Amino acid sequence: MNEDGLIERWNALTEARNAFLEELEKIGESRSATVPSDGGWSALQVMEHIMTSETGTLGYLKKKTSSGWEGLDLAGPEHEQAGTELVRRLQSAERYKAPTVLPEPVGSASYTTLIAAWHQLRDDMEQFVFSLDEEFFPKLILRQPAAGPLHLFHTLEFLEAHIRHHIPQIQRIRESLGE
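Residues numbered from 1 in each chain as written. Predicted model: local features only at pLDDT ≥ 70, side-chain atom pairs only at ≥ 80, totals over all residues. Heavy atoms only, no water.

A few words on the pattern of salt bridges. Counted under the stated rule, the structure contains six salt bridges. With a closest N to O distance of 2.5 Å, arginine 88 and glutamate 85 form a salt bridge. Here glutamate 85 and arginine 88 lie together in helix 3 (residues 77-91), a separation of three residues that amounts to about one turn. On the accessibility criterion, glutamate 85 (33% relative accessible area) is partly exposed. Through salt bridges with shared partners, a single network forms among Arg9, Glu160 and Arg164. (Salt bridge = Lys/Arg side-chain N within 4 Å of Asp/Glu carboxyl O. Helix = DSSP H or I, 4+ residues; strand = E, 2+ residues; numbered from the N terminus. Buried < 20%, exposed > 50% of the residue type's maximum accessible area, 1.4 Å probe, protein only.)

Given two aromatic rings, their pairing is described by the distance between the two centres and the angle made by the two planes. A full pass over the atoms with the stated rule returns three aromatic pairs. Ring geometry for phenylalanine 20 and tryptophan 118: centres 5.6 Å apart, planes at 80 degrees, overall edge-to-face. Taken together, the residues span a long stretch of sequence, with phenylalanine 20 in helix 1 (residues 3-27) and tryptophan 118 in helix 4 (residues 111-131) at a distance of 98 residues. For tryptophan 118, a relative accessible area of 1% translates into the label buried. Aromatic pair phenylalanine 137 and phenylalanine 153: ring centres 5.4 Å apart, planes at 50 degrees, arrangement tilted. With a gap of 16 residues between them, phenylalanine 137 in the loop between helix 4 and strand 1 (140-144) and phenylalanine 153 in helix 5 (residues 152-176) connect regions that are remote in the sequence. (Phe/Tyr/Trp six-rings, centres within 6.5 Å; stacked < 30°, edge-to-face > 60°.)

On to the packing of helix 1 against helix 5, then. At their nearest, the axes of helix 1 and helix 5 sit 9 Å apart, and the two run at 15 degrees to each other. Compared by their axis directions, helix 1 and helix 5 come out roughly parallel. Viewed along their axes, helix 1 and helix 5 form a crossing whose handedness is left-handed. Taken together, the residues of the contact of helix 1 with helix 5 sort by class into 17 nonpolar, three polar and nine charged. (Axes fitted to C-alpha atoms, helices over the stretch in contact; angles between N-to-C directions. Parallel < 35°, antiparallel > 145°, perpendicular 65-115°, else oblique. Left-handed = near helix turned anticlockwise from the far one by under 90°. Nonpolar A, V, L, I, M, F, W, Y, C, P; charged D, E, K, R; others polar.)

Here glutamate 160 shows up in helix 5. Polar side-chain contacts of glutamate 160 include one of 2.2 Å to the side chain of arginine 9. If we skip the residues at most four places from it in the chain, glutamate 160 touches Arg9, Ala12, Leu13 and Ala16. (Polar contact = N/O pair within 3.5 Å; in protein donor to acceptor, adjacent residues only side chain to side chain. Contact = heavy atoms within 4.5 Å.)

Its location among the elements puts lysine 139 in the loop between helix 4 and strand 1. Although lysine 139 is buried, it makes no salt bridge; glutamate 135 carries the closest opposite charge, 6.4 Å away. Within the local environment of lysine 139, its side chain forms a polar contact with the backbone oxygen of leucine 72, the two atoms lying 3.1 Å apart. Lysine 139 has contacts with Trp69, Glu70, Leu72, Asp73, Leu74, Leu150, His151 and Leu152, leaving out every residue within four places of it along the chain. (Lys, Arg positive; Asp, Glu negative; His and termini not counted.)

One finds Phe20, Met47, Trp118, Val129, Leu152 and Leu156 to be the most contacted residues of the largest nonpolar core, which totals 47 residues. Looking at this core, the elements with two or more residues in it are helix 1, helix 2 (43-65), helix 3, helix 4, strand 1 and helix 5. It is helix 5 that provides the largest number of residues to this core, a total of 10 residues. The residues touching methionine 47, leaving out its near neighbours within four places in the chain, are Phe20, Leu21, Leu24, Tyr111, Leu114, Ile115 and Trp118. (Core = buried A, V, L, I, M, F, W, Y, C linked by side-chain atoms within 4.5 Å.)

What follows covers helix 1. The end-to-end C-alpha separation of helix 1 is 37 Å, in line with the 36 Å expected for 25 residues at 1.5 Å each. In the stretch just after helix 1, glycine 28 is the one whose phi turns positive, near 90 degrees. (Expected span 1.5 Å × (residues − 1).)

The next thing to look at is the confidence of the model for the protein chain. For the protein chain, per-residue confidence averages 93 on the pLDDT scale, and residues scoring 70 or more make up 99% of the total. Model confidence for the protein chain, summarised as mean pLDDT per element, is weakest for helix 3 at 94 and strongest for helix 4 at 97. (pLDDT = per-residue confidence, 0-100.)

Spelled out as structure tokens, the structure:
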């Protein structure tokens, strides 16, 4: 775990967000708030859900790292396994309920507002992540609801897999809207 690995993880996370936004653009601003006929979330609610997860993650990371790396536990093999399993689950076609710690997305923000907020959130996250001392990299700095404690690289890998997990949902929404 070094800065090159961090850059690689960050780039993969950025590519996932870009892929999501490309799919969202296919629905278009005018239809992005439309709830599909199956009664699921609208495309904007899916984006809001992802952003809520990322906002909570960044807040947790800031809190957990605020006292320095010395008091944090090192990730062990069991944490590596849990992080890998979480990503594997998200990469599957299986559908999962959102963790109860996340509020239900309301979908009241506009397309433009959400996209601008996501870009700002990512700028804040990038600044924070790249300001961390490498001593934080192998430390357990996130308690993910399904996997438990994760180190920074698994945290970023989880965020990427989470976005990619929702891309097929955006595609299904687009199909249900007749796009």
